[in-house]
Amino acid sequence: MIVGKNIHKSFGDLEVLKGVDLHVKPQEVVVLVGVSGSGKSTLLRCFNFLEMINSGEITIDGHTINPKKEDLAKIRAEVGMVFQHFNLFPHKSVLENVIEAPITVKKMKKEEAKKLGMNLLRKVGLEDKADVYPSKLSGGQKQRVAIARSLAMEPKVMLFDEPTSALDPELVGEVLQVMKQLAEEGMTMVVVTHEMKFAKEVADRIIMIDQGTIIESADPKNFFENPQNERTKQFIQLVE
Amino acid sequence: MPDLFVDVFDVFMRTYQGFLEATVVTLELTAIGVVLGTVIGLIFALMKISGSKILRGIANIYITVIRGTPLIVQIMFLYFGIVEIYTMSNFWAGAIALGVHNGAYIAEIFRGAIQGIDPGQREASLSLGMNRKQTMQRIVFPQALRRSIPPLGNQFIITLKDSSLVYIIGVAEIFSLANREAAQSYQAFESFLVVALYYLVLVMIFTFLLRLYENKLDVDKA
Ligand SMILES: Nc1ncnc2c1ncn2[C@@H]1O[C@H](COP(=O)(O)OP(=O)(O)O)[C@@H](O)[C@H]1O
Ligand SMILES: [Mg+2]
């Protein structure tokens, strides 16, 4: 569904991604782990073309993208992204947040978009907050709105960049629950997270990134019980 | 002291009809200065944050020149400069000068507000498939505009007071009336005290209205 081949990305002299190969199959849930600064966010942002890769190749749903020639907005619409800090639009109500892109990008009729929006809010358990402004929501509620907002564009893949890292511990569960449900429905997902319980339960594959390269890729059982790389072993000890 | 009060009251009673007319001129100058300044400011703010080096360069030159020279010089320059090529009333020459002057300051207000919006807003919008223009129009600018309102209000008040400088090209706004009254009546102190009170009252009214509006915005957002 989404394939990265030999991705290189530098910021000035700092090479952050050093030839990353990642092949995410349709309906697969891949969890990305790694210490802070290893390049996880950068990789996700490259997949969504918020950062431009220096070399390599990104293929989405069988279509290899040439970022210089193509309409990036169209490509980004197919790749949903959920951010650590939610990034809800504060000047729009919850429902307006969700229906903004369908109306602006897909030119959907307002009535139709509202119906879609309410369905998505129901799905994340927030239909009663439709007319509220984001500032009135808890972190967990904000992140669930952000997920609904992404889903409104019916993306082929969803990228999550530490979606629960900014939340109070008691609010983490409600967000992971929504993500788990999404995974069960067959959404293709790439998730950067430190929630190892979620990784064990939901991931098809766990990938460890270290200093801009993938050093381990295995199903959860093998990842935790039989890690190959020294750095992965250290990491597992650290998080468990 | 009672004498001064009587004198001031005397000047006030003698001039208030003229002052009311002149106040309309002052308010018109201010309104045109602010509206024109806002349009110019918006254009130059967008130029300044654009990807084009040339547009950024032009905007920088404009802002540097306007902020680096006194308004009174700009008024004279525009007045004599424009009138050379195109005949227009003193009033319009003054109003345009105020607009051009304000444009530079308002451009900086808008630019600051736009750049002050969390980059995450732009990224979230782009990630949903909105293009750069849609992102600016629907997500970044509406938020920047809200943040611009307090400094724009401040600029509005500055413009109201700055409009007094167009007396130099003979526009009959309130300061020029006071100036004339002072010369004719030999009651200079009283005349300028009266005009100071006019400005003060106008500024207080605007401050009050702006505060009402800002409070309303806060309520909307919550
Ligand atoms: N826009 C940027 N400009 C310069 N350096 C950056 C930028 N974004 C990330 N980096 C650097 O790239 C490295 C990897 O960052 P990141 O992908 O955010 O790591 P992670 O998400 O794994 O913590 C870090 O050293 C970070 O400082
Ligand atoms: Mg990160």
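The name recorded for chain B in an unreviewed UniProt entry is Amino acid ABC transporter permease, from Planomicrobium okeanokoites. What the UniProt record of chain B gives under Subcellular location (unreviewed entry) is the line "Cell membrane". UniProt, in its Sequence similarities (unreviewed entry) section for chain B, records the words "Belongs to the binding-protein-dependent transport system permease family."

Within an unreviewed UniProt entry, the label attached to chain A reads Amino acid ABC transporter ATP-binding protein, and the organism entered is Planococcus halotolerans.

Caption draft 1: Representation of the overall build of chain B in the model. When helices and strands are tallied, chain B shows eight helices and zero strands. Pairs at least 24 apart in sequence give 77% of the contacts found in chain B among residues at least 6 apart. A total of about 11900 Å² of accessible surface is found on chain B, and carbon and sulfur atoms cover 68% of it. On chain B, the mean spot of the 17 positive side-chain charges and the mean spot of the 16 negative ones are 19 Å from each other.

Caption draft 2: Quick peek at the UniProt feature "transmembrane region" (unreviewed entry) in chain B. Residue and element names in this part refer to chain B. In this structure's numbering, the residues bearing the UniProt feature "transmembrane region" (unreviewed entry) are residues 20-47, 59-82 and 192-213. For residues 20-47, helix accounts for 100% and strand for 0%, while the C-alpha atoms at its two ends are 40 Å apart. Overall, residues 59-82 shows 88% helix and 0% strand. The separation of its end C-alpha atoms is 21 Å.

Caption draft 3: Structural context of the interface of chain A and chain B. Listed per partner, the contact involves 26 residues of chain A and 21 residues of chain B. Taken over both partners, the interface formed by chain A and chain B buries close to 1900 Å², and the fraction arising from carbon and sulfur atoms is 59%. Here chain A is connected to chain B by two salt bridges. For the salt bridge of E100 of chain A with R138 of chain B, the shortest nitrogen-to-oxygen distance reads 2.4 Å. Split into classes, the residues belonging to the side of chain A that touches chain B amount to 13 nonpolar, six polar and seven charged.

Caption draft 4: Fine view of the sheet that holds strand β4 (residues 55-60) of chain A. Residue and element names in this part refer to chain A. Taken in spatial order, the four strands of this open sheet run β2-β1-β4-β5, and their pairing is antiparallel. Across the chains shown, the open sheet's two edge strands, defined by having one partner strand only, are β2 (14-24) and β5 (63-64). Bridge analysis of strand β1 (residues 2-11) against β4 gives five bridges, and the strand direction is antiparallel. Bridge pairing links G4 to I58 in β4. The strands touched by helix α1 (residues 40-47) are β1, β2 and β4; relative to β1, the strand with the most contacts, the crossing angle is about 120°.

Caption draft 5: Quick peek at the pattern of salt bridges. Residues and elements named next belong to chain A. Summed over all chains, the structure comprises 24 salt bridges over all chains. Two residues, E28 and R205, come together in a salt bridge whose shortest N-O distance is 2.8 Å. A residue pair is termed long-range when its members are at least 10 positions apart, and E28 in the loop between β2 and β3 (29-33) and R205 in strand β9 (residues 205-210) qualify at 177 residues. Judged by its relative accessible area of 6%, E28 is buried.

Caption draft 6: Representation of the site of ligand 1. All names here are of chain A. Taken together, F11, L14, V16, V35, S36, G37, S38, G39, K40, S41 and T42 make up the full set of residues adjacent to ligand 1. In the environment of ligand 1, an oxygen atom lies 2.7 Å from a nitrogen or oxygen atom belonging to the backbone of G37. Within the side chain of T42, one N or O atom sits 2.5 Å away from an oxygen atom of ligand 1. Protein contact buries 59% of the 560 Å² of open area that ligand 1 shows by itself. When contributions to the shell around ligand 1 are tallied by element, the ones reaching two or more residues are β2 and α1. The biggest single contributor to the shell around ligand 1 is α1, with three residues. Of the residues belonging to the shell around ligand 1, the class tally is four nonpolar, six polar and one charged.

Caption draft 7: Broad picture of helix α9 (residues 230-239) of chain A. Residue and element names in this part refer to chain A. For α9, every residue scored as buried is listed here: T232, F235 and I236. In an axial view of α9, the angular spread of the buried residues amounts to 100°, which keeps them on one side of the axis. Among the exposed residues of α9, those oriented more than 90 degrees off its buried face are Q237 and L238. Put simply, N229 is the residue that caps the front of α9, since its side-chain oxygen is 2.7 Å from the backbone nitrogen of R231.

Caption draft 8: A look at a nonpolar patch on the surface. A contiguous nonpolar surface patch, about 710 Å² in accessible area, is contributed by F5, V6, F9, F12, M13, Y16 and L20 of chain B. One can find F12 of chain B in helix α1 (residues 2-48).

Scoring rules and cut-offs
- Residues numbered from 1 in each chain as written.
- Chains lettered and ligands numbered in written order.
- Predicted model: local features only at pLDDT ≥ 70, side-chain atom pairs only at ≥ 80, totals over all residues.
- Heavy atoms only, no water.
- UniProt positions renumbered as here; feature names shortened; annotations may be inferred.
- Helix = DSSP H or I, 4+ residues; strand = E, 2+ residues; numbered from the N terminus.
- Contact = heavy atoms within 4.5 Å.
- Areas by Shrake-Rupley, 256 points an atom, 1.4 Å probe, with all protein chains shown as cover.
- Lys, Arg positive; Asp, Glu negative; His and termini not counted.
- Charge placed at Lys NZ, Arg CZ, Asp CG, Glu CD.
- Buried area = accessible area lost by both parts, 1.4 Å probe.
- Salt bridge = Lys/Arg side-chain N within 4 Å of Asp/Glu carboxyl O.
- Nonpolar A, V, L, I, M, F, W, Y, C, P; charged D, E, K, R; others polar.
- Pairing = 2+ DSSP bridges.
- Axes fitted to C-alpha atoms, helices over the stretch in contact; angles between N-to-C directions.
- Buried < 20%, exposed > 50% of the residue type's maximum accessible area, 1.4 Å probe, protein only.
- Near = heavy atom within 4 Å.
- Polar contact = N/O pair within 3.5 Å; in protein donor to acceptor, adjacent residues only side chain to side chain.
- Arc of directions from axis to C-beta.
- Patch = residues over 30% accessible without salt bridge, like charges linked within 9 Å, V, L, I, M, F, W, Y side chains within 5 Å.

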